[in-house]
Amino acid sequence: MQHVHEGPRPDADTGSPPARTLRIALCAGEASGDLLGAGLVEHLRARFPDAEFAGIGGAAMRAAGVETWHDASELAVMGLSEVLRHLPRLLRLRRRLRRRLLDWRPDVFVGIDAPDFNLGLERALKRRGLRTVHYVSPSVWAWREGRAAKIGRSADRVLCLFPMEPAIYARHGVDARFVGHPMADAMPLNPDRRRARADLGIEDDAPVLAVLPGSRLGEIERLGAIFLEAAGRVAERVPGLRIVVPAATPACGEALRALLASAPVPSGSVRLFEGRAREAMTAADVVLLASGTATLEAMLAKRPMVVGYRIAPSTYRIVRALGLLKVDRYALPNVLAGTTIAPELMQDDCTPGRLAGAVLAWFDDPAAVMALEPVYRDLHLALRRDASASAADAVAGLLEPAA
């Protein structure tokens, strides 16, 4: 169903067609979604200079010309307890946004990530005849593939960051497009390790281990002490080791600082940074990190890594018993490569001894590190598709008749 927004009626003498204003609505719920939205809007505006953009976004989307009815920070809640506490407010916000969108009648609505908020909103809009796009597929390749069909009931088109995802949607009759990953566009093919070390104040010739036990407090509680003990064991074997620990948030920094006070690491060998994860990974010889998006960043930084993760034992048993987890590999580099190129130590295998052994294997085998770099480069190139422009092409494909 197409919705054309007419301006004043044409002059009867000229017979000129009525003016039409294209309307594009977007909803981004956190900082990463705000950046995705800004890039998308920039490329859509190049195609449709007179279009109006409105919805929920942050500073980057406002700078790109989006009229933000609400700020993206209103959606940025993490963790089950926090979500439950904010749920009534979030549901009220979604109802208000749905009513406003139905009144505004955009030609397309783009929900950017935030699936718990956006997919329900998209489904309601689609039922009322609006075109909908979901930008950033949830991890259907890992968890409950059947969600793909449900997502298709919400979105006319799904924009995927990874090349293996559209085929999964195709099995469920859903239109999904691989647009590439913005991080692959942003990060250089040939990272400058010397510059990263200089910026962090680390000697060129020092052995460096980057330790990233997660970007959430819960992850640091489960993994922080284990990772730091593993780093201490590596330091016993690697003379002069520098250990760099980037903290994702000030709260994470406080938690890590408390753990470091009693961690078995050599005095003076550890440096804790606020942020600067990308520089830390680029500067490192080896990266020890939690499973998640950071593994993709380490791959794009072309660094060998060891991946560890633990969830609550009761949650792990439920996930396994119900067959919710559909993969044998968890780390994104391994999923993309289709083979294990980064050691994964999960759940009971995630111990200081095993993590340290896997890290030391990289330090002890420079030839393996060299062989890994071209593999990473090929994966980087596969993801580098000018994602914002590709996403705009996919959205524009739904808009061209209306435009």
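Nothing here was measured: the structure is a model prediction, and the numbers come from that model.

Engineer: Requested: an account of the overall build of the protein, with residues and values cited.
Structural biologist: Check the secondary structure of the protein and you find 17 helices and 13 strands. Taking all 403 residues of the protein together, 49% fall into the buried category. For the protein, contacts bridging at least 24 residues in sequence account for 68% of all contacts bridging at least 6. In the structure as shown, the protein presents an accessible area of about 18300 Å², 52% of it carried by carbon and sulfur atoms.

Engineer: So what's going on with helix α8 (residues 193-200)? Residues and values would help.
Structural biologist: Taken as a whole, α8 has its buried residues at A196, R197 and L200. One side of α8 holds all its buried residues, which, seen down the axis, span an arc of 95°. In α8, those exposed residues whose orientation departs by more than 90 degrees from the buried face are R194, R195 and A198. The inward-facing, buried residues of α8 contact β8 (208-212), β10 (270-274) and α11 (277-283). A side-chain oxygen of the first residue of α8 lies 3.4 Å from the backbone nitrogen of R194; this N-cap is D192. Once α8 ends, the next one or two residues include G201, with phi positive near 75°.

Engineer: Explain the pattern of salt bridges residue by residue, including any values.
Structural biologist: Per the stated rule, a full pass over the model turns up 18 salt bridges. One salt bridge connects D393 with R47, and the closest N-O pair in it is separated by 2.2 Å. Linking D393 in helix α17 (residues 387-399) with R47 in helix α1 (residues 31-47), this pair joins segments that are 346 residues apart in sequence. Take D393: its relative accessible area is 45%, and that puts it in the partly exposed class. A salt bridge links E279 to R276, with the shortest nitrogen-to-oxygen separation between them at 3.0 Å. If you follow the salt bridges from partner to partner, you end up with R157, D175 and R177 in one network.

Engineer: Describe the packing of helix α12 (residues 293-300) against helix α16 (residues 366-383), with residues and values.
Structural biologist: Put simply, α12 and α16 touch, their axes get as near as 9 Å, and they point 115° apart. Comparing their axes, α16 and α12 come out roughly perpendicular. Between α12, through L296, M299 and L300, and α16, the contact on the second element is made entirely by Y376, L379, H380 and L383. Classifying every residue of the contact of α12 with α16 by side-chain character gives 6 nonpolar, 1 polar and no charged.

Engineer: How would you explain the packing of aromatic side chains if you had to name every residue and give the values?
Structural biologist: Under the defined criterion, the tally for this structure stands at 1 aromatic pair. It is R94 that lies over the ring of F117; its NZ or CZ is 5.9 Å from the centre.

Engineer: So what's going on with the environment of H134? Residues and values would help.
Structural biologist: Here H134 lies in strand β5 (residues 132-135). In the structure, H134 is positioned 19 residues away from P115 in sequence and 8.4 Å away in space, judged by C-alpha atoms. Filtering out sequence-adjacent residues up to four positions away, H134 remains in contact with G111, D113, P115, N118, L119, E122, A155, R157, V158 and L159. Within the structure, the side chain of H134 is placed 2.7 Å from the side chain of E122, a separation counted as a polar contact. Reaching out from H134, the side chain makes a polar contact with the backbone oxygen of V136 at a distance of 3.3 Å.

Engineer: Just give me the short version of the sheet that holds strand β12 (residues 305-309), but keep the residues and values in it.
Structural biologist: Strand order across the open sheet formed by 6 strands is β10-β9-β8-β11-β12-β13, with parallel pairing between neighbours. Strand pairing shows two members of the sheet lacking a second neighbour, β10 and β13 (344-346), which therefore form its edges. Sheet twist, expressed as the mean angle between neighbouring strand axes with direction ignored, is 20°. Bridging between β8 and strand β11 (residues 286-290) involves 4 bridges; their strand directions are parallel. Among the inter-strand pairings, L209 is bridged to a residue of β11, identified as V286. The strands touched by helix α9 (residues 217-237) within the sheet are β8, β9 (242-247), β11 and β12, with β8 carrying the most contacts at an inclination of about 165°.

Engineer: Describe the sheet that holds strand β7 (residues 176-178), listing the residues and the values that go with them.
Structural biologist: Taken together, 7 strands build an open sheet; the order of strands is β3-β2-β1-β4-β5-β6-β7 and the sheet is parallel. Lying at the two open borders of the sheet, with one neighbouring strand each, are β3 (67-71) and β7. For this sheet the average axis-to-axis angle between neighbouring strands, irrespective of direction, equals 15°. Running at roughly 165° to strand β1 (residues 23-28), α1 makes contact with β1, β2 (52-57), β4 (108-112) and β5 of the sheet.

Engineer: Account for a positive patch on the surface, with residues named and values stated.
Structural biologist: Together, R92, R95, R96 and R99 make up a positively charged patch on the protein surface. Tracing the sequence through the fold places R92 in helix α3 (residues 80-104). Taking the relative accessible area as the measure of exposure, R92 reaches 41% and is therefore partly exposed.

Engineer: Help me get a handle on the nonpolar core, residues and values and all.
Structural biologist: Grouped together as the largest cluster of nonpolar side chains are 102 residues, with contacts concentrated most on L26, Y135 and L209. No other element matches the 9 residues that α9 contributes to this core. Beyond its immediate sequence surroundings of up to four residues, L26 is in contact with L40, V41, F53, A54, G55, I56, M61, V66, F109, V110 and I112. By size, the runner-up hydrophobic cluster in this structure holds 16 residues, among which are A25, A54, L75 and F109.

Analysis parameters
Residues numbered from 1 in each chain as written. Predicted model: local features only at pLDDT ≥ 70, side-chain atom pairs only at ≥ 80, totals over all residues. Heavy atoms only, no water. Helix = DSSP H or I, 4+ residues; strand = E, 2+ residues; numbered from the N terminus. Buried < 20%, exposed > 50% of the residue type's maximum accessible area, 1.4 Å probe, protein only. Contact = heavy atoms within 4.5 Å. Areas by Shrake-Rupley, 256 points an atom, 1.4 Å probe, with all protein chains shown as cover. Arc of directions from axis to C-beta. Polar contact = N/O pair within 3.5 Å; in protein donor to acceptor, adjacent residues only side chain to side chain. Salt bridge = Lys/Arg side-chain N within 4 Å of Asp/Glu carboxyl O. Axes fitted to C-alpha atoms, helices over the stretch in contact; angles between N-to-C directions. Parallel < 35°, antiparallel > 145°, perpendicular 65-115°, else oblique. Nonpolar A, V, L, I, M, F, W, Y, C, P; charged D, E, K, R; others polar. Phe/Tyr/Trp six-rings, centres within 6.5 Å; stacked < 30°, edge-to-face > 60°. Lys NZ or Arg CZ within 6 Å of the ring centre and 35° of its normal. Pairing = 2+ DSSP bridges. Patch = residues over 30% accessible without salt bridge, like charges linked within 9 Å, V, L, I, M, F, W, Y side chains within 5 Å. Lys, Arg positive; Asp, Glu negative; His and termini not counted. Charge placed at Lys NZ, Arg CZ, Asp CG, Glu CD. Core = buried A, V, L, I, M, F, W, Y, C linked by side-chain atoms within 4.5 Å.

That is the geometry; function is a separate question.
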